[in-house]
Amino acid sequence: SRSATLRGVMAKAGVQMFEEAPIFGIGITRFYDESAAFAGPYLRSVGWWASRENAHNNFIQVLAEQGLVGLAALLWWLAAILLSGARAQISKPDAGRGALLLAVVACIGTWMTGHPLLVPEFAFVFWLFCGVLAAMTPAVPPTRPRWLLWVLVAGVVVSVPPRAYALRNAAELEHLGFG
């Protein structure tokens, strides 16, 4: 019960973080630190050992940290790997490719209740499995125009300087120091 409630609170915190920066998110690895502002009071009220926590859902964590752009890129990449692997497996079954496909799907299944990609050992194995699965999948010539992809990439690249300036100008340095 407490575990399910915690996951619900962290999901709500993730959605609130997403609402603050919906396009590009709050920043990679920022969920843990920012969670204190969104879920800290709840975590302290139930006697949780810390006032900060990760999302316990990789999809929500990516949505909050990287926004719609990051989540869309992750979902596009996963769809490309899984759909091409599944098509190849259906057309020409291979035990190794089938096992890798199942392993990748099983790994993704754990993302709904945890954050395994934050564990370096798990993340390494997952990305290794995806790479080997992609290598075992025959290449298919593209059927869609690639200009849309290049327009999206150019849009992200062009938006980097204004976003960097905005982050720099919004930085709160009053209570920070070194030395």
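Residues numbered from 1 in each chain as written. Predicted model: local features only at pLDDT ≥ 70, side-chain atom pairs only at ≥ 80, totals over all residues. Heavy atoms only, no water.

Q: I'd like to hear about unusual backbone geometry, residue by residue, with values.
A: Of note, T29 is a non-glycine position whose phi angle comes to about 70°, a positive value. By the secondary structure assignment, T29 is in the loop between helix 1 (2-20) and helix 2 (31-45). A positive phi angle, close to 60°, is found at H56, a residue other than glycine. Examined against the element boundaries, H56 turns out to sit in the loop between helix 2 and helix 3 (58-91). (Helix = DSSP H or I, 4+ residues; strand = E, 2+ residues; numbered from the N terminus.)

Q: So, the layout of surface pockets: which residues are in play, and what are the values?
A: The calculated volume of the largest pocket comes to roughly 1,300 Å³. Along the wall of the largest pocket there are 30 residues; nearest its centre are W76, A80, R144, R146 and L149. Of all the secondary structure elements, the ones that give two or more residues to the lining of the largest pocket are helix 3 and helix 6 (147-170). Counting residues per element, the lining of the largest pocket draws most heavily on helix 3, at 13 residues. Among the residues making up the lining of the largest pocket, the classes are represented as 23 nonpolar, four polar and three charged. Roughly 400 Å³ of internal volume is contained in the second largest pocket. Contributions of two or more residues to the lining of the second largest pocket are made by helix 1, helix 2 and helix 6. (1 Å grid on protein atoms, 1.4 Å probe; cavity = no way out; pocket = protein on both sides within 12 Å on 5 of 7 lines; lining within 4 Å. Points joined across faces, edges and corners; volume = space filled by probe spheres on them. Nonpolar A, V, L, I, M, F, W, Y, C, P; charged D, E, K, R; others polar.)

Q: So, the packing of aromatic side chains: which residues are in play, and what are the values?
A: Scanning the entire structure with this criterion turns up four aromatic pairs. Seen from their ring centres, F126 and W127 are 4.8 Å apart, and the 70° between their planes marks the pair as edge-to-face. Judged by its relative accessible area of 0%, F126 falls in the buried class. Residue W127 is classed as partly exposed on the basis of its relative accessible area of 38%. Taken together, the aromatic side chains of F59, W77, W111, F126 and W127 make up a single cluster linked through ring pairs. A cation sits over an aromatic face here: R163 above F24, 3.6 Å from the ring centre. (Phe/Tyr/Trp six-rings, centres within 6.5 Å; stacked < 30°, edge-to-face > 60°. Buried < 20%, exposed > 50% of the residue type's maximum accessible area, 1.4 Å probe, protein only. Lys NZ or Arg CZ within 6 Å of the ring centre and 35° of its normal.)

Q: Run through helix 5 (residues 120-135), naming residues and quoting values.
A: End to end, helix 5 covers 22 Å across 16 residues, agreeing with the expected 22 Å (1.5 Å per residue, within 8%). Of the residues making up helix 5, those classed as buried are A123, F126, C130 and L133. Here the buried residues of helix 5 occupy an arc of 95° about the axis, which is enough to place them on one side. For helix 5, exposure combined with an orientation more than 90 degrees from the buried face picks out P120, E121, F124 and A135. On its buried side, helix 5 packs onto helix 3 and helix 4 (95-109). (Expected span 1.5 Å × (residues − 1). Arc of directions from axis to C-beta. Contact = heavy atoms within 4.5 Å.)

Q: Pulling in residues and values, what's your account of the packing of helix 4 against helix 5?
A: Relative orientation and spacing of two packed helices are given, respectively, by the angle between their axes and the distance between those axes. At a closest axis distance of 9 Å, the pairing of helix 4 and helix 5 adopts a crossing angle of 140°. As judged from the angle between their axes, helix 4 and helix 5 are oblique. The crossing of helix 4 and helix 5 is left-handed. For the pair formed by helix 4 and helix 5, the contact residues are R97, L100, L101, A103, V104, C107 and I108 on the first element and F122, F126, F129, C130, V132 and L133 on the second. (Axes fitted to C-alpha atoms, helices over the stretch in contact; angles between N-to-C directions. Parallel < 35°, antiparallel > 145°, perpendicular 65-115°, else oblique. Left-handed = near helix turned anticlockwise from the far one by under 90°.)

Q: Talk me through the side chain of S35; I want residue IDs and the actual numbers.
A: Within the secondary structure, S35 sits in helix 2. Given the relative accessible area of 0%, S35 is considered buried.

Q: I'd like to hear about the nonpolar core, residue by residue, with values.
A: One finds F59, L78, I108, W111 and F126 to be the most contacted residues of the largest nonpolar core, which totals 17 residues. Here the element with the most residues in this core is helix 3; it accounts for seven residues. Sequence-distant contacts of L78, that is, excluding residues within four places in its chain, are made with F59, I108, W111 and F126. The next biggest cluster of nonpolar side chains, apart from the first, holds eleven residues, and it includes L6, A11, F31 and A55. (Core = buried A, V, L, I, M, F, W, Y, C linked by side-chain atoms within 4.5 Å.)

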